[in-house]
Amino acid sequence: MNGVYRATVASNIAFLKYWGKRDARLQWPANDSFSMTLSRLCSTTEARPIQASDHRFVFAGQAFSRAEKRFAKTFQQLDDLTQTFGFRDQLEIRTENNFPMGAGIASSASGLAALTLASLAAWLKAPDWQSLAAKGFSLSRIANLARQGSGSAGRSLFGGYVAWRAGDHPEQQTIEPLFPAEHWDLHDTIVLFSKGEKSLSSTEAHAHAWSSPLFRTRLAGLPERLAAMENAMTHCNFEQLGPLLEMEALEMHAVTMTATPSHCYLTSDAWNFLASLREARRRGEVHAYFTIDAGPNIHLIHEASEHEQLKRWLEERFNPQELLHDRVGQGPQLSFLSE
Ligand code: PMV
């Protein structure tokens with residue numbers, strides 16, 4: 001069927017971080033990770049077969065060639081999928097994010113997931129989930145292909161709360177939803193301390209993690225932390241979950257700061273904010289815990305009932321455009337627009 005295949009995929013925020021790879025070529029993570037798929041912060045990607053000698057890639061209305069470094073993963077993913085499945089068509093890919101790219105809110109997760117889903121749908125001429133599955137492309141298989149493009153992308157293909165398990169061999173990796181969005185309506189309010197590109201790409205940071213003297217100790221303790229998180233999730237126990245989120249984020253950043261070369265993603269404003277958040281929590285003014293990905297922006301995880309109070313507290317300190325409000329989401333959408 002000729003037409004445009006459109007995928008809308010939300011970003012995800014890791015509660016337990018994927019940080020470090022056991023095998024970079026096979027995209028095999030050093031540890032299991034666990035995340036919440038968001039609802040509003042999305043990448044929307046449209047793919048359409050074209051007659052041309054190469055793919056055409058348009059981001060936010062502007063065309064970019066293969067030579068553009070920041071879209072290297074995009075072209076690599078298209079090439080890898082072409083090679084694996086022998087697809088013949090070149091594609092026109094048009095994509096947009098509704099949040100700043102590379103600012104530490106995992107645009108690579110939603111971007112690579114939406115790219116993988118839309119381009120597979122276009123190559124396979126599969127306008128919906130049923131046709132994809134009928135051609136052998138279950139959601140799990142698509143998630144597994146997306147994570148080869150960017151690790152965290154695999155988790156964005158499911159809604160709710162999602163685990164990516166490393167397994168004992170690279171081929172044993174699994175990505176699966178553990179709890180649906182309805183299980184617990186958690187929110188993520190993001191305070192933007194930088195809208196620019198990340199100061200160190202996650203690809204480089206994953207590679208440097210092994211040089212930190214803290215890294216092996218971290219890996220040894222993660223199964224216990226993950227079990228505690230899953231227990232907190234099972235019982236919707238926010239008092240148990242919150243401190244685990246903060247310990248996990250601080251540990252990931254401690255690894256990065258103690259790696260060679262050493263790197264710190266957080267700005268002094270972001271560090272100061274963490275201190276004021278903890279103080280406000282101690283005084284009972286807010287009830288939220290932070291987590292931080294590979295950037296300076298702070299994600300405040302909280303229960304739905306706490307959102308209004310947190311929002312008021314934040315709006316006394318930040319401009320509305322420095323805040324993004326999101327919550328757990330349902331997972332990707334796929335649609336077909338006939339020409
Ligand atoms: O998918 P990558 O290679 O951009 O790595 C993601 C790393 C973190 O966002 C910091 C953690 C995670 O699990 O999403």
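Each chain carries its own residue numbering, running from 1 in the direction its sequence is written. Where totals are concerned, whole chains, interfaces and linings use all residues; where local detail is concerned, this predicted model gives features only for residues with pLDDT of at least 70, and gives and counts side-chain atom pairs only at 80 or more. To get the side-chain values, take all heavy atoms of the structure and skip hydrogens and water.

Trainee: I tried to follow the sheet that holds strand β11 (residues 289–291) on my own but got confused; where do I start?
Mentor: Within a beta sheet, neighbouring strands are joined by backbone hydrogen bonds and run either parallel or antiparallel to one another. With respect to topology, four strands assemble into an open sheet ordered β11-β12-β10-β13, the strand pairing being antiparallel. At either margin of the open sheet sits one strand with a lone partner, and together these are β11 and β13 (323–327). Averaged over all adjacent pairs, the angle separating strand axes in this sheet is 30 degrees, with direction ignored. By this definition, two strands are paired if DSSP reports at least two bridges between them. The helix and strand labels rest on DSSP assignments: H or I over at least four residues marks a helix, E over at least two residues marks a strand, and numbering proceeds from the N terminus. Relative to β13, strand β10 (residues 186–191) is paired through five bridges, and the arrangement is antiparallel. When the bridges of β13 are listed, I190 appears paired with L324. Should any heavy atoms of two residues lie within 4.5 Å, those residues are considered in contact. Lines fitted to C-alpha atoms define the axes, with helix axes restricted to the stretch in contact, and inter-axis angles between N-to-C directions lie between 0 and 180 degrees. In this fold helix α8 (residues 268–282) packs onto β10, β11 and β12 (298–303), with an angle of close to 20 degrees to the strand it touches most, β12.

Trainee: Please explain empty space enclosed by the protein as it appears in this structure.
Mentor: The probe, sized like a water molecule, is rolled over the atoms to show the empty space still left. Site definitions follow a grid-based scheme: protein atoms alone, a 1 Å grid, a 1.4 Å probe that fits but cannot get out for cavities, and for pockets an open set with protein on both sides within 12 Å along at least five of seven lines, plus lining residues having an atom within 4 Å of a point. Grid points are joined across faces, edges and corners, and a volume is the space filled by probe spheres set on the points. Overall, the coordinates contain two cavities of 30 Å³ or more when judged by the stated rule. Computed from the structure, the second largest cavity encloses a volume of approximately 40 Å³. What lines the second largest cavity is W19, L200, A205, H208, A209, V255, T256, A259, P261 and H263. Those elements giving two or more residues to the lining of the second largest cavity turn out to be α5 (202–208) and α7 (238–257). By the convention adopted, Pro, Cys, Tyr, Trp, Phe, Met, Ile, Leu, Val and Ala count as nonpolar, Lys, Arg, Asp and Glu as charged, and the other residues, Gly among them, as polar. Here the lining of the second largest cavity is built from residues that sort into seven nonpolar, three polar and no charged.

Trainee: Just checking my understanding: could you explain the domain arrangement of the protein for this structure?
Mentor: How big an interface is tends to be reported as the loss of accessible area on association of its parts. Residue ranges assigned to the domains are those given by an automatic or database domain assignment. In terms of domains, the protein is made up of domain 1 (3–183) and domain 2 (186–327). Here the C-alpha centre of domain 2 lies 24 Å away from the C-alpha centre of domain 1. Every contact between the two is made by 35 residues of domain 1 and, on the other side, 47 residues of domain 2. Put simply, buried area is the surface a 1.4 Å probe can reach on two separate parts but cannot reach once they are joined, added for both. Both sides of the domain 1 and domain 2 interface together cover about 3,500 Å² of buried area, and 65% of this is carbon and sulfur. Of all residues in domain 1, the largest losses of buried area upon contact with domain 2 belong to F15, K17 and W19, amounting jointly to 24% of the total for that side.

Trainee: Explain the site of the ligand to me, please; I cannot follow it from the model alone.
Mentor: Nearness is judged by heavy atoms alone; a residue qualifies as near a molecule or strand once a single heavy atom is within 4 Å of it. Near the ligand lie 14 residues; those nearest to it are Y18, S152, R155, S202 and H206. Here a polar contact means two N or O atoms within 3.5 Å. Within protein one must be a hydrogen donor candidate and the other an acceptor candidate, and residues neighboring in sequence count only if both atoms are side-chain atoms. One of the side-chain N or O atoms of S150 is found 3.1 Å from an oxygen atom in the ligand. Within the side chain of S152, an N or O atom sits 2.6 Å from an oxygen atom of the ligand. The accessible surface values rely on the Shrake-Rupley method and a 1.4 Å probe; as for residues, cover is taken only from the protein chains in view. For the ligand, the protein covers 98% of the area, taking 380 Å² as the surface of the free molecule. Each residue belonging to the shell around the ligand can be placed in one class, and the counts come to five nonpolar, six polar and three charged. When we break the shell around the ligand down by domain, the ones giving at least three residues each are domain 1 (3–183) and domain 2 (186–327).

Trainee: In this structure, what is going on with unusual backbone geometry? I would like to understand it.
Mentor: Excluding glycine, most residues fall at negative phi; most peptide bonds, likewise, are trans. With an omega dihedral of 0 degrees, the bond running from T260 to P261 counts as a cis peptide bond. Look at A60: it is not a glycine, yet its phi comes out positive at around 50 degrees. Structurally, the position occupied by A60 is in the loop between β5 (56–59) and β6 (62–64). For every residue, the accessible area obtained with a 1.4 Å probe (protein chains only) is divided by the maximum for its type, and the residue is called buried under 20%, exposed over 50%, and partly exposed between those limits. The exposure class of A60 is exposed, given its relative accessible area of 52%. Positive phi outside glycine occurs at K125, with the angle close to 50 degrees. Here K125 falls in the partly exposed class, since its relative accessible area comes to 29%.

Trainee: What is the right way to look at the packing of aromatic side chains in this model?
Mentor: Any two aromatic rings considered together are summarised by their centre-to-centre distance and by the angle between their planes. Any two of the Phe, Tyr and Trp rings considered here, Trp counted by its six-membered ring, make a pair once their centres fall within 6.5 Å; the pair's planes then place it as stacked at under 30 degrees, edge-to-face at over 60, or tilted in between. For the structure shown, the criterion picks out 18 aromatic pairs. Here the aromatic rings of W184 and F238 are separated by 6.4 Å at their centres, their planes lie at 85 degrees, and the arrangement is edge-to-face. Of this pair, W184 sits in the loop between β9 (174–179) and β10 while F238 sits in helix α7; the two residues are 54 residues apart in sequence, bridging distant segments of the chain. Grouping residues by exposure puts W184 and F238 together as buried. Aromatic side chains W210 and F215 sit 4.8 Å apart centroid to centroid with 80 degrees between the ring planes, which places their arrangement in the edge-to-face category. Three or more aromatic residues link up through ring pairs in this structure, and these residues are F57, F59, F64, F71 and F75. To sit over a ring, a charge needs its Lys NZ or Arg CZ within 6 Å of the ring centre and within 35 degrees of the ring normal. Positioned over the ring face of W28 is R22, at 4.2 Å from the centre of the ring.

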